[in-house]
Amino acid sequence: MSERKLFYPERFKTASRYYTTGRPAYPKLLSRRVAELVGVNRDASVLDLGTGPGFLAIDFASHAGSVTAVDPSPEMLAAARENAARADASIRFVQGSSYELGPHLGRFKLATIGRAFHWMDRVETLRSLDALLERGGAVALFGETYPEVPANAWHKEFQALIDKYSTEDPARPQIRESAKNEAVLLDSAFSHLERISVLEPRETPVERFVDRALSFAATWHGRPGSREEDLAVEVRKAIAKHAGADGTVREVLEGHALVARRPREALAD
């Protein structure tokens, strides 16, 4: 059965400008590990669905022969194009969504989705991807967490501020109450699941945490000035307590990928 999802096409129109500087990129080793597992090489094509600022598309451009990056937001695509140009990465950008998947996009060895699967009709998206992914292909869901280590002492207060500013977010129930991705994948054609995880220490300037908070459209509902300045002040104050003399905060990010393949093909490897 398909999932009934509300679509918020304007949600990231303004928040998108904070994504590149605010949202953390995934560890580079993570894309390499996924590419090795799935068999992505210079003969392979990758589809990055819900590309946002293009982080995953750029990472896989160094492993694949071609990358197609899709996003419904023109603002996000503009940011992704700028990031790809800076990285000298050749990527095909397409404005569209998971609701518009079809053979016009091509055939792929891997479909990547980073921090965006909860916006999609996941059942129908996986059904559509089954038709687009070649034999031995895979879907990989990417995300990040912050393990409970001393370097991440900042995280609890930061997350509390995000939650505080998100209470009136109309999409909150959709994000919080949807079934776990694992359950959806286990009921799909891609029911063989494997996890890959890479922990990476980083030194991050305080202002990047401010941008990170502002990149969550939920915190100020995409309305310039709604509570944007208040949130920035609170985040800056909370994070500064954890900064060193150089104004940076040590954090440990765990980038992870849930790789889903067709069981018969995965077991035949």
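Here is what the cut-offs are and how they apply
Residues numbered from 1 in each chain as written. Predicted model: local features only at pLDDT ≥ 70, side-chain atom pairs only at ≥ 80, totals over all residues. Heavy atoms only, no water. Helix = DSSP H or I, 4+ residues; strand = E, 2+ residues; numbered from the N terminus. Buried < 20%, exposed > 50% of the residue type's maximum accessible area, 1.4 Å probe, protein only. Contact = heavy atoms within 4.5 Å. Areas by Shrake-Rupley, 256 points an atom, 1.4 Å probe, with all protein chains shown as cover. Pairing = 2+ DSSP bridges. Axes fitted to C-alpha atoms, helices over the stretch in contact; angles between N-to-C directions. Right-handed = clockwise from strand over helix to strand, strands pointing away. Core = buried A, V, L, I, M, F, W, Y, C linked by side-chain atoms within 4.5 Å. Salt bridge = Lys/Arg side-chain N within 4 Å of Asp/Glu carboxyl O.

1. Quick word on the overall build of the protein
Right, so step 1: A count of helical and extended segments in the protein gives twelve helices and seven strands.
Right, so step 2: Out of the 269 residues belonging to the protein, those deemed buried represent 53%.
Right, so step 3: Intrachain contacts of the protein at a sequence separation of at least 6 include 81% that bridge at least 24 residues.
Right, so step 4: Within the structure as shown, the protein displays about 13000 Å² of accessible surface, and the carbon and sulfur contribution to it stands at 52%.

2. What about the sheet that holds strand E7 (residues 248-261)?
Right, so step 1: Ordered by their spatial adjacency, seven strands build an open sheet running E3-E2-E1-E4-E5-E7-E6, and the pairing between neighbours is mixed. Because the sheet does not close on itself, it has two edges, and the strands there are strand E3 (92-95) and strand E6 (192-205). Strand-to-strand twist of the sheet, defined as the mean angle between neighbouring strand axes without regard to direction, takes the value 20°.
Right, so step 2: The strands touched by helix H2 (residues 28-38) within the sheet are strand E4 (108-114), strand E5 (133-145), E6 and E7, with E6 carrying the most contacts at an inclination of about 165°.
Right, so step 3: Docked against the sheet, helix H4 (residues 74-86) engages strand E2 (66-71) and E3, running at close to 175° with respect to E3.

3. What to know about the pairing of E3
Two faces belong to every sheet, and in a regular strand the side chains alternate between them.
Right, so step 1: Bridge analysis of E2 against E3 gives four bridges, and the strand direction is parallel. Bridge pairing links Ala69 to Phe93 in E3.
Right, so step 2: Tracing the backbone out of E2, into H4 and back to the parallel element E3 gives a crossover that is right-handed.

4. Some words on the nonpolar core
Right, so step 1: Core analysis: the largest hydrophobic core is formed by 30 residues, its most contacted members being Val34, Phe60, Ile91, Leu110 and Phe142.
Right, so step 2: At the level of secondary structure, the elements contributing two or more residues to this core comprise H2, helix H3 (55-61), E2, H4, E5, E6 and E7.
Right, so step 3: Setting aside anything within four residues of it in sequence, one finds Phe60 in contact with Ser31, Val34, Ala35, Val46, Val67, Leu110, Thr112 and Phe142.
Right, so step 4: Ala116, Leu141, Val184 and Ala260 belong to the second-largest nonpolar core, a separate cluster that totals 23 residues.

5. A word on the pairing of E7
Right, so step 1: Where burial is concerned, most of E7 is hidden: eleven out of the 14 residues are buried.
Right, so step 2: Judged from the eight bridges that link them, E5 and E7 form a sheet pairing that is antiparallel. Paired with Glu144 across the strands is Gly255, a residue of E7.
Right, so step 3: Relative to E7, E6 runs antiparallel, the two sharing 14 bridges. Looking at E7, one finds that Glu194 is bridged to Val259.

6. Here we look at the pattern of salt bridges
Right, so step 1: Counted according to the given criterion, the structure contains 14 salt bridges.
Right, so step 2: The partner of Glu194 in a salt bridge is Arg261, with the nearest N and O atoms 2.7 Å apart. Separated by 67 residues along the polypeptide, Glu194 in strand E6 and Arg261 in strand E7 bring together distant segments of the chain.
Right, so step 3: A relative accessible area of 27% places Glu194 in the partly exposed class.
Right, so step 4: Several salt bridges share partner residues, and in doing so they unite Asp130, Arg262 and Glu265 into one network.

No statement about biological role is implied by the geometric values presented.
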